Amino acid sequence: MSNIKALREDRGLSQSQLARKMQMTETTIRNWEHGRTGVEWFERIARLCEILNCTPNDLFGYEEISKDNPET
């Protein structure tokens, strides 16, 4: 099972708050936390990054998200 719920709770976010920040539905967040719908995609990305020795940001060309900006 993923660590999404533990990480979300550790950061003091509800499912609803995380969903709003991600511009997704609360149902999507709930499904991720319960290992349904889309988790396989995360696992494949994690494995691909492991094999290529890179981060997801490297893989998709995203810049690092600032921890100082609460909207990200």
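Residues numbered from 1 in each chain as written. Predicted model: local features only at pLDDT ≥ 70, side-chain atom pairs only at ≥ 80, totals over all residues. Heavy atoms only, no water.

To continue, consider the confidence of the model for the chain. Regions with low pLDDT should not have their predicted coordinates read in detail. Confidence in the prediction of the chain, expressed as mean pLDDT, is 84, and 85% of residues score 70 or more. Within the chain, no element has a lower average pLDDT than helix α5 (residues 56-60), which sits at 86, and none a higher one than helix α2 (residues 15-22), at 95. (pLDDT = per-residue confidence, 0-100. Helix = DSSP H or I, 4+ residues; strand = E, 2+ residues; numbered from the N terminus.)

Before going further, it helps to spend a moment on unusual backbone geometry. Excluding glycine, residues mostly carry a negative phi; peptide bonds, for their part, are mostly trans. Not every positive phi belongs to a glycine, and Q23 is a case in point at roughly 55°. Look at Q23 and you get exposed, because its relative accessible area is 75%. A positive phi angle, near 55°, is found at N53, a position not held by glycine. You can see N53 is positioned in the loop between α4 (39-52) and α5. According to the relative accessible area criterion, N53 is exposed, its value standing at 71%. (Buried < 20%, exposed > 50% of the residue type's maximum accessible area, 1.4 Å probe, protein only.)

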